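Structural overview
Each chain, letter by letter, is given below.
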Amino acid sequence: MAKDSSNGIKEFWAELPRANEDFLGSIRDWKNIQIALEEEVIWMKGFTDEQAASSQIRQFPDFLLYELREGLLFRKDALVPSQKVRTALFWTPIDRALRLTFPPSNQNFFGIDEKIEVRLQPSEEERPANALLSSIVEIKETIIALPKFKAEKMSWIVINDKALFLGTPLLSFPGKTYWTKDGHLLPTGFDFEFKNLSALLQRKYNANQEHWLLWNEDGSVLQLSKNDFRKLSVSSFRLTEKAREWN
């Protein structure tokens, strides 16, 4: 009877803290690798023997390499498993997951020369809304009658002919709502296609957390300085309206 040729093939898994995800850029050309995301961990699998033994990956901070045996994950030369294999993970080829290029049409991304393709997609997770973008024309009569206790909980900024209100509970104005994630303002019901992209973009382009990054569903983004937000009040709104009329 022929022997099962798969018996001698080792299957390697690895985990890396999501805080260290930037290091994966050095192996994105290892197209045989697949990655999956948990809340704080990036899982990888598909390493060849040579890749698993390479010094390149062993230099990654807090990188843990495992060998998969009968549904259990063993550290190198260990006789006792470290943990059970993860199930229900969504695996993506590493070169696809790390393909970070912005579309050329994205003129709002404050002069970034690199091309980073950011996609938003509908999310099944419900997130509380923290911001509201409303047409000034539609709300100007209502906002003048807004009770002080509601206004004082809000900060706001004018964006062309719209006003963006930040704070909770949201005002009961017509408009488009957003939720906050790592300093991003994302349209309600949407999230980044790759969840780990959120923190990566913040560390690379908003490390000092001085801005809000306001996203549209098409992947375009507007940078808003937090210093430009002001406390909402009827008087501040009226002054803004007068300035807009003069302009």
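Residues numbered from 1 in each chain as written. Predicted model: local features only at pLDDT ≥ 70, side-chain atom pairs only at ≥ 80, totals over all residues. Heavy atoms only, no water.

1. Brief notes about the overall build of the chain
For the record, the criterion: Numbering goes from the N terminus for both helices and strands, where a helix is a DSSP run of H or I of at least four residues and a strand is a run of E of at least two. Per-residue accessibility, obtained with a 1.4 Å probe over protein chains only, is compared with the maximum for each type, and a residue is labelled buried under 20%, exposed over 50%, and partly exposed between these values. Only heavy atoms matter for contacts: two residues are in contact if any of them lie within 4.5 Å across the pair.
On a plain count of helices and strands, the chain comes out with 7 helices and 17 strands. Every one of the 247 residues in the chain was classed for burial, and the buried ones make up 42%. For the chain, restricting intrachain contacts to residue pairs at least 6 apart in sequence, the fraction spanning at least 24 positions comes to 64%.

2. Quick look at the sheet that holds strand E9 (residues 131–135)
How we decide: Pairing between two strands requires that DSSP report at least two bridges joining them. The angle between two axes is taken between their N-to-C directions and runs from 0 to 180 degrees, where each axis is a line fitted to C-alpha atoms and a helix contributes only its stretch in contact.
Taking strand neighbours across the sheet as the criterion, the 8 strands line up as E16-E15-E13-E12-E9-E11-E10-E17 in an open arrangement whose pairing is mixed. Two strands close off the open sheet at either side, each with one partner strand: strand E16 (221–225) and strand E17 (230–231). By the bridge criterion, 5 bridges tie strand E15 (residues 211–215) to E16 in an arrangement that is antiparallel. The residue of E16 that forms the bridge with Trp-215 is Val-221. Strands in contact with helix H4 (residues 136–144) are E9, strand E10 (155–159) and strand E11 (162–166); relative to E9, the strand with the most contacts, it is inclined by about 105°. The sheet contacts of helix H6 (residues 197–205) involve strand E12 (176–181), strand E13 (184–187) and E15, and relative to E13 the element is tilted by about 140°.

3. Considerations on the environment of Asp-62
Within the secondary structure, Asp-62 sits in the loop between helix H2 (55–58) and strand E4 (64–69). Relative accessible area serves as the criterion here: at 57%, Asp-62 is assigned to the exposed category. Residues Asp-62 and Leu-16, 46 residues apart in the sequence, show an inter-C-alpha distance of 6.3 Å. In contact with Asp-62, other than residues within four places in its own chain, are Glu-15, Leu-16, Pro-17 and Asn-20.

4. Side note on the nonpolar core
Across soluble globular proteins, nonpolar side chains show a tendency to be buried alongside one another. For the record, the criterion: As used here, the term nonpolar core means buried Ala, Val, Leu, Ile, Met, Phe, Trp, Tyr and Cys residues forming a set that is joined through side-chain atoms within 4.5 Å.
Residues Met-44, Phe-47 and Phe-63 are the most contacted members of the largest nonpolar core, which totals 17 residues. Put simply, the parts of the chain that give this core at least two residues each are strand E1 (11–17) and strand E3 (41–45). Apart from the residues lying within four places of it in its own chain, the contact partners of Phe-47 are Phe-12, Trp-13, Ala-14, Trp-30, Asn-32, Ile-33, Ala-52, Ile-57 and Phe-63. Within the second largest apolar cluster, 14 residues are counted, among which are Leu-146, Ala-151, Ala-163 and Phe-237.

5. Some points on H4
Threshold: Comment: arc refers to directions from the helix axis out to C-beta atoms.
Among the residues making up H4, those that are buried are Ile-136, Ile-139 and Ile-143. When H4 is viewed along its axis, its buried side chains cluster within an angular range of 80° and face the same direction. Of the residues in H4, the exposed ones pointing more than 90 degrees away from the buried face are Val-137, Glu-138 and Glu-141.

6. A short note on the pattern of salt bridges
Stated precisely, the cut-off is as follows: A pairing counts as a salt bridge when a side-chain nitrogen of Lys or Arg comes within 4 Å of a carboxyl oxygen of Asp or Glu.
Within the structure shown, the criterion is met by 6 salt bridges. Measuring nitrogen to oxygen at the nearest pair gives 3.6 Å for the salt bridge that ties Arg-69 to Glu-67.

7. Regarding the packing of aromatic side chains
To describe a pair of aromatic rings, one takes the distance between the centres and the angle between the planes. Basically, it comes down to this: Each aromatic pair joins two rings of Phe, Tyr and Trp (for Trp, the six-membered one) with centres within 6.5 Å, and gets the label stacked for planes under 30 degrees apart, edge-to-face for over 60, and tilted for any other angle. We call a charge positioned above a ring when the Lys NZ or Arg CZ atom is no farther than 6 Å from the ring centre and deviates by at most 35 degrees from the ring normal.
This structure, assessed with the given rule, holds 9 aromatic pairs. Within the aromatic cluster, the residues linked to one another by ring pairs are Trp-13, Trp-43, Tyr-66 and Trp-91. Directly above the ring of Trp-212 sits Lys-226, whose terminal nitrogen or CZ lies 4.8 Å from the centroid.

8. Quick word on the sheet that holds strand E5 (residues 72–74)
A sheet is described by the order of its strands in space; here 7 strands give the open sequence E6-E5-E4-E1-E3-E2-E7, paired in antiparallel fashion. With partners counted over all chains shown, the strands left at the sheet margins are strand E6 (83–84) and strand E7 (92–93), one partner each.

9. A few points about the confidence of the model for the chain
Low pLDDT marks regions whose predicted coordinates should not be analysed in detail. Heads up, the condition is: pLDDT gives the predictor's per-residue confidence on a scale running from 0 to 100.
Per-chain confidence: the chain averages 80 in pLDDT, with 84% of residues scoring 70 or above. A low-confidence stretch, residues 1–6 stays under pLDDT 50, and its non-local contacts, those more than four residues away or across chains, total 0 contacts. Ignoring residues within four places in sequence, the model shows residues 100–115, a span with pLDDT below 50, making 37 contacts including any to other chains.

10. A closer look at the side chain of Arg-18
In plain terms, the rule: Counted charges follow a simple rule, with Lys and Arg positive, Asp and Glu negative, and His plus the chain ends left uncounted. Contacts described as polar in this section are N or O atom pairs within 3.5 Å, which, within protein, must combine one atom able to donate a hydrogen with one able to accept it, while residues neighboring in sequence count only if both atoms come from side chains.
Positionally, Arg-18 belongs in the loop between E1 and strand E2 (34–37). Buried within the structure, Arg-18 lacks any salt-bridge partner; its nearest side chain of opposite charge belongs to Glu-21, at an N-O separation of 4.9 Å. At a separation of 2.9 Å, a polar atom in the side chain of Arg-18 contacts the main-chain carbonyl oxygen of Glu-38.

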